[in-house]
Amino acid sequence: MVVERTRRDAARNRDLLVAAARRAFAQRGPDVPLEDIASEAGVSRTTLHRHFENREALASAVLEHNVTDIEARATALAEADDGAERLYHFLLDVQFESPWLARVVADGRMPGTADLAARTAAALDPLLDRARSRGRVHPGVGTGDVLLTLPMVMAVQAAADAVEAPARLGTTRAILHRGLFTTEPPTAARPRSPA
């Protein structure tokens, strides 16, 4: 009984840490002090290190959580004719909210990124197949092309200051949508708030 409660407490603490890291990284970037993340989660730094060896392991857990969200969204959109477009805009939202991910992934130290990228592609593939069969995606556009646009968003984010970022990101969203899909981009698409 005690062991089971200890396992539940450990799982709860891990979930609290991932949620706190997700919010902190989105608001303050990947260099936020780990003490701040532990404090926001309501646990000690020792507890944080019991679950995550280093910052990269914590960032990897956050990325894993994001990919799990992407997979769940893809499953929910499986029968929707506009599922590929909707998942694409969800991917853009994740990118807009968490530009820190690109920096952490790009430095090559985060474990498991190749597997997570493959899972994201696998979630997108059937939706693109459906969109292709319905004429909603330009001929020749594949999953790799869709995923290639995400680093393009990173470049826009890096170049835009806080004042011009919302307009630039909205314009970027519309341009990329038109380059991939035969449909008009959504007019009210806005980044969702971090969970």
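Every value quoted in this text rests on a predicted model; they were computed, and no experiment measured them. (Residues numbered from 1 in each chain as written. Predicted model: local features only at pLDDT ≥ 70, side-chain atom pairs only at ≥ 80, totals over all residues. Heavy atoms only, no water.)

Draft legend 1. Expanded view of the packing of aromatic side chains. All told, the structure shown has one aromatic pair when counted by the stated rule. Between Y88 and F181, the ring centres sit 5.8 Å apart and the planes meet at 55°, which makes this aromatic pair tilted. A residue pair is termed long-range when its members are at least 10 positions apart, and Y88 in helix α5 (residues 83-97) and F181 in the segment after α9 (165-180) qualify at 93 residues. Here Y88 matches F181 in class, with each residue buried. (Phe/Tyr/Trp six-rings, centres within 6.5 Å; stacked < 30°, edge-to-face > 60°. Helix = DSSP H or I, 4+ residues; strand = E, 2+ residues; numbered from the N terminus. Buried < 20%, exposed > 50% of the residue type's maximum accessible area, 1.4 Å probe, protein only.)

Draft legend 2. Expanded view of the pattern of salt bridges. On inspection of all chains with the given rule, the structure shows 16 salt bridges. We note a salt bridge from E35 to R45, for which the minimum N-O separation is 2.1 Å. In this pair, E35 sits in helix α2 (residues 34-41) while R45 sits in helix α3 (residues 45-51), placing the two residues ten residues apart along the sequence. Among the residues examined, E35 registers a relative accessible area of 41% and is labelled partly exposed. For E85, the salt bridge identified is with R136, shortest N-O distance 2.8 Å. Note that E85 is positioned in helix α5 and R136 in the loop between α7 (113-133) and α8 (143-159), a separation of 51 residues in sequence. (Salt bridge = Lys/Arg side-chain N within 4 Å of Asp/Glu carboxyl O.)

Draft legend 3. Region of interest: the nonpolar core. If you look at the biggest cluster of nonpolar residues, it comprises 26 residues, and the most contacted ones within it are L87, Y88, L128, V146 and F181. At eight residues, α5 tops the list of elements feeding residues into this core. If sequence neighbours within four positions are ignored, L128 has contacts with A84, V137, G142, T143, V146 and F181. Judged by nonpolar contacts, the second largest core, of 18 residues, contains F25, L34, A38 and V43. (Core = buried A, V, L, I, M, F, W, Y, C linked by side-chain atoms within 4.5 Å. Contact = heavy atoms within 4.5 Å.)

Draft legend 4. The confidence of the model for the protein, seen in detail. Taken as a whole, the protein shows an average pLDDT of 86; of its residues, 86% reach a score of 70 or greater. Mean pLDDT across the secondary structure elements of the protein bottoms out at helix α6 (residues 100-106), with 59, and peaks at α2, with 96. Under a pLDDT of 50 for its full length, residues 189-195 has, in the predicted model, 19 contacts with residues more than four places off or in other chains. (pLDDT = per-residue confidence, 0-100.)

Draft legend 5. Seen up close, the packing of helix α4 (residues 55-76) against α7. Interaxial distance between α4 and α7 falls to 9 Å at its minimum, and their mutual angle equals 10°. Classed by the angle they form, the pair α4 and α7 counts as roughly parallel. Of the residues in α7, those in contact with S60, L63, E64, V67, T68, I70, E71 and A74 of α4 are T113, L116, R119, T120, A123 and L127. Residue composition of the contact of α4 with α7, by class: seven nonpolar, four polar and three charged. (Axes fitted to C-alpha atoms, helices over the stretch in contact; angles between N-to-C directions. Parallel < 35°, antiparallel > 145°, perpendicular 65-115°, else oblique. Nonpolar A, V, L, I, M, F, W, Y, C, P; charged D, E, K, R; others polar.)

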